[in-house]
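Commentary on secondary and tertiary structure
Here is what each chain is made of, one letter per residue.
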Amino acid sequence: MSEGRSAEGTDNDADAPDSVVDELSAVQLVYRPQAADALAGLRVRERIKRTGLLLRWAFLTLWVGQWLLAVVGRGRIDAVSTVLFLFVVLVVWGYPRLQASQVQRVVGWQGDYHATVAPAGITCRNDHSTLIQKWSVYQGYRETAGHFVLLSRDSHITYLGVLPKRGAQEAGDLDRLRAVLDRHTTRL
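Along its length, the protein carries five helices and seven strands. Relative to its full complement of 188 residues, the protein shows a buried share of 34%. Considering only contacts within the protein whose residues lie at least 6 apart along the sequence, 57% involve residues at least 24 apart. With the model as given, the accessible surface of the protein reaches about 12,000 Å², and the carbon-plus-sulfur share is 59%.

Quick look at the layout of surface pockets now. Over the atoms a probe the size of a water molecule is rolled, and this reveals where empty space is left. Its boundaries defined by the atoms lining it, the largest pocket holds a volume of some 640 Å³. Taken together, the elements giving at least two residues each to the lining of the largest pocket come down to helix H2 (35-49), helix H4 (79-107), strand S3 (121-125), strand S4 (130-133) and strand S7 (160-164). Looking at the lining of the largest pocket, the element that brings in the most residues is S7, giving five residues. Across the lining of the largest pocket, the residue classes tally to 17 nonpolar, ten polar and two charged. Surrounding the second largest pocket, 13 residues form its lining, Arg45, Glu46, Gly52, Leu53 and Gln99 being those nearest its centre. Sorting the residues of the lining of the second largest pocket by element identifies H2, helix H3 (51-74) and H4 as the ones contributing at least two each.

A few words now on the packing of H2 against H4. Direction vectors running N to C along H2 and H4 enclose 130°, while the axes themselves pass 8 Å from each other. When the axes of H2 and H4 are compared, the pair comes out oblique. As H2 packs across H4, the resulting crossing turns out to be right-handed. From H2, Ala35, Ala38, Leu39, Leu42, Arg43, Arg45 and Glu46 reach across to H4, where they touch Pro96, Arg97, Gln99, Ala100, Val103 and Gln104. Its residues assigned to classes, the contact of H2 with H4 shows seven nonpolar, two polar and four charged.

Moving on, we get to the pairing of strand S6 (residues 147-152). For S6, a buried count of six out of six residues is recorded, marking the element as mostly surrounded by other parts of the structure. Because side chains alternate across S6, one face comprises the buried residues His147, Val149 and Leu151, and the other comprises Phe148, Leu150 and Ser152, equally buried. Direction of pairing for strand S5 (residues 138-143) relative to S6: antiparallel, over a ladder of five bridges. By the bridge assignment for S6, tyrosine 138 is matched with serine 152. Here S5 hands over to S6 after three residues, the two strands then running antiparallel side by side.

Evaluated as defined, the whole model comprises ten salt bridges. The partner of arginine 166 in a salt bridge is aspartate 37, with the nearest N and O atoms 2.7 Å apart. You can see arginine 166 sitting in the loop between S7 and helix H5 (173-184) and its partner aspartate 37 sitting in helix H2, a full 129 residues away along the chain. The exposure class assigned to arginine 166 is partly exposed, which follows from its relative accessible area of 40%. On the basis of relative accessible area, aspartate 37 is assigned to the buried category, the value being 5%.

Before going further, it helps to examine the sheet that holds S3. Within the open sheet, the four strands sit side by side as S1-S2-S3-S4. Their pairing is antiparallel. Where the open sheet ends on each side, the last strands, each with one partner, are strand S1 (27-31) and S4. Each strand of the sheet is rotated relative to its neighbour by a mean of 15°, with strand direction disregarded. Pairing of S1 with strand S2 (residues 113-118) involves five bridges; the strand directions are antiparallel. Among the inter-strand pairings, valine 30 is bridged to a residue of S2, identified as histidine 114.

On inspection of all chains with the given rule, the structure shows six aromatic pairs. With a centroid separation of 5.2 Å and 15° between ring planes, the pair formed by tryptophan 67 and phenylalanine 85 is classed as stacked. Here phenylalanine 85 lies in helix H4 and tryptophan 67 lies in helix H3, a separation of 18 residues in the sequence. For the pair tryptophan 67 and phenylalanine 85, one class covers both residues: buried.

Criteria and thresholds
- Residues numbered from 1 in each chain as written.
- Predicted model: local features only at pLDDT ≥ 70, side-chain atom pairs only at ≥ 80, totals over all residues.
- Heavy atoms only, no water.
- Helix = DSSP H or I, 4+ residues; strand = E, 2+ residues; numbered from the N terminus.
- Buried < 20%, exposed > 50% of the residue type's maximum accessible area, 1.4 Å probe, protein only.
- Contact = heavy atoms within 4.5 Å.
- Areas by Shrake-Rupley, 256 points an atom, 1.4 Å probe, with all protein chains shown as cover.
- 1 Å grid on protein atoms, 1.4 Å probe; cavity = no way out; pocket = protein on both sides within 12 Å on 5 of 7 lines; lining within 4 Å.
- Points joined across faces, edges and corners; volume = space filled by probe spheres on them.
- Nonpolar A, V, L, I, M, F, W, Y, C, P; charged D, E, K, R; others polar.
- Axes fitted to C-alpha atoms, helices over the stretch in contact; angles between N-to-C directions.
- Parallel < 35°, antiparallel > 145°, perpendicular 65-115°, else oblique.
- Left-handed = near helix turned anticlockwise from the far one by under 90°.
- Pairing = 2+ DSSP bridges.
- Salt bridge = Lys/Arg side-chain N within 4 Å of Asp/Glu carboxyl O.
- Phe/Tyr/Trp six-rings, centres within 6.5 Å; stacked < 30°, edge-to-face > 60°.

And the structure:
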């Protein structure tokens, strides 16, 4: 005989409201953005999209060819041509790092980020803003050694969501985060 108890007070997960289930499966990450986070995201996008990577290597190949033709044609190494060639190599190699440092200038001053990854989507807040995104924004994600990189659905992948693993608060958070990502988006 149940003395004054109703079915509402049971711990049955099937009867639990969606908000309770969302809170149980939500994962909290707290981190301060670093340039390495943006660089990891840019590298993942480069590998998936490939257009930028191919263009950079084609541009570099053209410069190597131009430099070699100039050296063979003159019979000697020209200082100006060599300096320009080295500058181009430096720019092509350093372009993703320049982009990452620019992203860091934009987000770095905003302090610690508190990201909540839940079945409803991703909420990221700091002292100055709050960004809420539904899963429909993303085409999928890729996991690297130190990050989960979410890629936007548009054909140019103009938006990247980078979740650093160092932001996990508890030991099982990364496994729970991976499970939420697998459930709501595609692993690329």
